[in-house]
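Coordinates in review
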Amino acid sequence: MSTYSDIKRVTTNTLQSLKQRGEKISMLTAYDYSMARIFDDAGIDVILVGDSASNVMAGHETTLPITLDQMIYHAQSVVRACLRCLVIVDLPFGSYQGNSKEALNSSIRIMKEAGAHGIKLEGGEEVCESIKRIVGAGVPVMGHLGLTPQSIYKFGTYTVRAKEEEEAEMLLRNAEALQEAGCFSLVLEKIPAALGTEVAKRLKIPVIGIGAGGGVDGQVLVMHDMLGITKNFSPRFLRRYLNLYEDISNATAQYIKDVKSRDFPNEKEQY
Ligand code: KIV
């Protein structure tokens with residue numbers, strides 16, 4: 001097993017060799033400098049500047065409203081923090097679906113203005129032409145299948161995808177098409193574990209799951225969920241490592257109390 005000090009910079013090749021060695025890939029989302037600094041220092045392999053920023057940073061109900069300029073702002077802050085990990089940035093809704101030239105131009109903006117190491121986009125065969133064009137320009141592309149939140153109004157619900165055979169077969173076909181088009185990796189969101197395992201076995205590229213079971217090549221979680229900052233969101237796939245909502249709420253209540261009671265600042269806490 002490699003350790004933090006063995007790897008200088010995580011690249012798409014590093015992820016490929018982790019898959020070949022059977023070592024799982026760790027990925028988390030981040031949207032700002034301070035959190036990205038902690039994750040990178042702790043040894044995370046990949047940070048995804050996800051368009052989930054639309055939900056957890058901006059408070060929108062879906063990922064649809066976030067703009068390319070806003071994604072670039074988040075990505076710039078994350079890239080500044082990362083010395084080791086690979087930083088991948090989501091192409092937001094509306095910045096690539098028009099045509100492959102639009103997709104390439106949006107990707108180039110992310111690479112040039114944020115200094116990211118690659119982009120992620122949602123979809124199957126319908127985005128393959130764009131993927132070929134982006135990869136052709138030298139930009140690594142991560143695919144995203146299963147529950148694709150940018151299409152939430154088409155699905156109508158956030159339930160598990162590809163439970164039926166027909167949709168599972170379509171997902172497998174799309175996964176192979178994405179690999180063929182040049183994706184270096186693929187995210188699978190909220191699908192049956194057996195299907196996740198099957199995709200990871202069939203593909204040469206690393207498959208990273210969120211709610212896709214333990215048979216894929218790596219795992220990703222949204223940082224606010226993993227750290228327990230979000231409340232009232234408890235899908236089965238989520239493991240919370242902290243309960244920061246409660247901790248921060250308690251700390252805030254204590255601070256208010258200390259200020260009101262004139263306990264803070266005390267004599268040692270002033271000049
Ligand atoms: O935007 C995001 O956070 C994502 C992950 C759920 C994979 O796409």
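Residues take numbers from 1 onward in each chain, read along the sequence in its written order. With pLDDT at 70 or above as the cut-off, local features in this predicted model cover only qualifying residues; side-chain atom pairs require 80 or more to be listed or tallied, and sums for whole chains, interfaces and linings still use all residues. Hydrogens and water molecules were not included; the side-chain quantities draw on all heavy atoms of the structure.

**Side note on the environment of Asn105**
Going by this rule: Helix and strand definitions follow DSSP, with helices as H or I runs of at least four residues and strands as E runs of at least two, each counted in order from the N terminus. In this scheme, a residue with accessible area under 20% of its type's maximum is buried, one over 50% is exposed, and one in between is partly exposed, where area comes from a 1.4 Å probe on protein chains only.
Considering the arrangement of structural elements, one finds Asn105 in helix 5 (residues 100-114). Accessibility expressed as a relative area gives 40% for Asn105, which makes it partly exposed. On a C-alpha basis, the gap between Asn105 and Gly213 in space is 35 Å, while along the polypeptide they are 108 residues apart.

**Focus on the packing of helix 8 (residues 165-181) against helix 9 (residues 193-202)**
This is how the line gets drawn: Here the axes come from fitting lines to C-alpha atoms, over the contacting stretch only for helices, and the angles between their N-to-C directions go from 0 to 180 degrees. Orientation categories follow fixed angle ranges, with anything under 35 degrees roughly parallel, anything over 145 roughly antiparallel, 65 to 115 roughly perpendicular, and all other angles oblique. The handedness criterion is simple: a crossing whose near helix is rotated anticlockwise from the far helix by less than a right angle is left-handed, and one whose near helix is rotated clockwise is right-handed. In what follows, a contact means two residues having at least one pair of non-hydrogen atoms within 4.5 Å. Note that Gly is not counted as nonpolar here; it falls among the polar residues with everything else outside the nonpolar set of Ala, Val, Leu, Ile, Met, Phe, Trp, Tyr, Cys and Pro and the charged set of Asp, Glu, Lys and Arg.
Direction vectors running N to C along helix 8 and helix 9 enclose 30°, while the axes themselves pass 10 Å from each other. As summarised for this structure, helix 8 and helix 9 are arranged roughly parallel, according to the angle between their axes. Helix 8 and helix 9 meet at a crossing whose hand is right-handed. In this structure, helix 8 uses Ala168, Leu171, Leu172, Ala175 and Glu176 to contact helix 9, whose residues at the interface are Leu195, Glu198, Val199 and Arg202. Its residues placed into classes, the contact of helix 8 with helix 9 shows six nonpolar, no polar and three charged.

**Topic: the pairing of strand 5 (residues 141-146)**
Selection criterion: Strands qualify as paired when DSSP identifies two bridges or more between them. We call a crossover right-handed when, viewed with both strands directed away from the observer, the connection leading from the first strand over the helix to the second proceeds clockwise.
Most of strand 5 is tucked away: six of the six residues are buried. With burial as the criterion, each face of strand 5 is covered, one bearing Val141, Gly143 and Leu145 and the other bearing Met142, His144 and Gly146. As judged from the two bridges shared by strand 4 (residues 118-120) and strand 5, these two strands associate in the parallel manner. Bridge pairing in strand 5 links Ile119 to Val141. Taken together, strand 4, helix 6 (residues 128-136) and strand 5 form a β-α-β motif whose crossover is right-handed. Both strand 5 and strand 6 (residues 185-189) contribute to a ladder of five bridges, which runs parallel.

**Here we look at helix 1 (residues 12-21)**
Here is the rule: This arc describes the spread of directions from the helix axis toward the C-beta atoms. Whenever a nitrogen or oxygen atom comes within 3.5 Å of another N or O atom, the pair is scored as a polar contact, on the condition that within protein one atom can donate a hydrogen and the other can accept it, and that pairs from neighbouring residues in sequence are kept only if both atoms are in side chains.
Within helix 1 the residues assigned to the buried category are Thr14, Leu15, Leu18 and Lys19. With its buried residues spanning 140° around the axis, helix 1 presents them on a single face. Seen from the open side of helix 1, the exposed residues pointing more than 90 degrees away from its buried face are Asn13, Gln20 and Arg21. Here the buried face of helix 1 lies against strand 1 (25-29), strand 2 (46-49), strand 3 (86-90) and helix 9. Regarding helix 1, its N-cap is Thr11, as a side-chain oxygen of that residue lies 3.2 Å from the backbone nitrogen of Asn13 further along. Positioned one or two residues after helix 1, Gly22 has a phi angle of 75°, which is positive.

**A word on the nonpolar core**
Note the following rule: In this text, buried Ala, Val, Leu, Ile, Met, Phe, Trp, Tyr and Cys residues form a nonpolar core when linked through side-chain atoms within 4.5 Å.
Counting residues in hydrophobic clusters, the biggest one holds 62 residues, and the most contacted among them are Ile47, Leu121, Leu186, Leu188 and Val199. Apart from residues no more than four positions distant in its own chain, Leu188 is found in contact with Leu145, Leu171, Gly196, Val199, Val207, Ile208, Gly209, Ile210, Ala212 and Val216. Counting residues in each nonpolar core, the second largest holds 15 residues, with Leu18, Leu48, Leu86 and Phe184 among its members.

**Some words on the site of the ligand**
Under the convention used in this document: We call a residue near a molecule or strand when any one of its heavy atoms sits within 4 Å of it.
Residues in close proximity to the ligand include Thr29, Leu48, Gly50, Asp51, Ser52, Asp90, Lys120, His144, Val187, Glu189, Ile210 and Val222, which together make up its full environment. Here an oxygen atom of the ligand and a side-chain polar atom of Ser52 are 2.5 Å apart. Grouping the constituent residues of the shell around the ligand by class yields four nonpolar, four polar and four charged.

**A short note on the sheet that holds strand 5**
Around the barrel, eight strands lie side by side as 1-2-3-4-5-6-7-8; this closed barrel has parallel pairing. Within the sheet, the average angular offset between the axes of one strand and its neighbour, ignoring direction, is 25°. With three bridges joining them, strand 3 and strand 4 adopt parallel strand pairing. Across the sheet, residue Asp90 finds its bridge partner in strand 4, namely Lys120.

**Digging into helix 9**
All buried positions along helix 9 are accounted for by Leu195, Gly196, Val199 and Ala200. Down the axis of helix 9, the buried side of the element spans an arc of 135°, and every buried residue falls inside it. Every exposed residue of helix 9 that faces more than 90 degrees away from the buried side is listed here: Ala194 and Lys201. Next to the buried residues of helix 9 lie helix 1, helix 8, strand 6 and strand 7 (207-210).

**Re the domain arrangement of the protein**
Short version of the rule: For the domains described, the bounds stem from an automatic or database domain assignment.
Along its sequence, the protein is organised into domain 1 (4-240) and domain 2 (247-271). Here the C-alpha centroids of domain 1 and domain 2 sit 40 Å apart.

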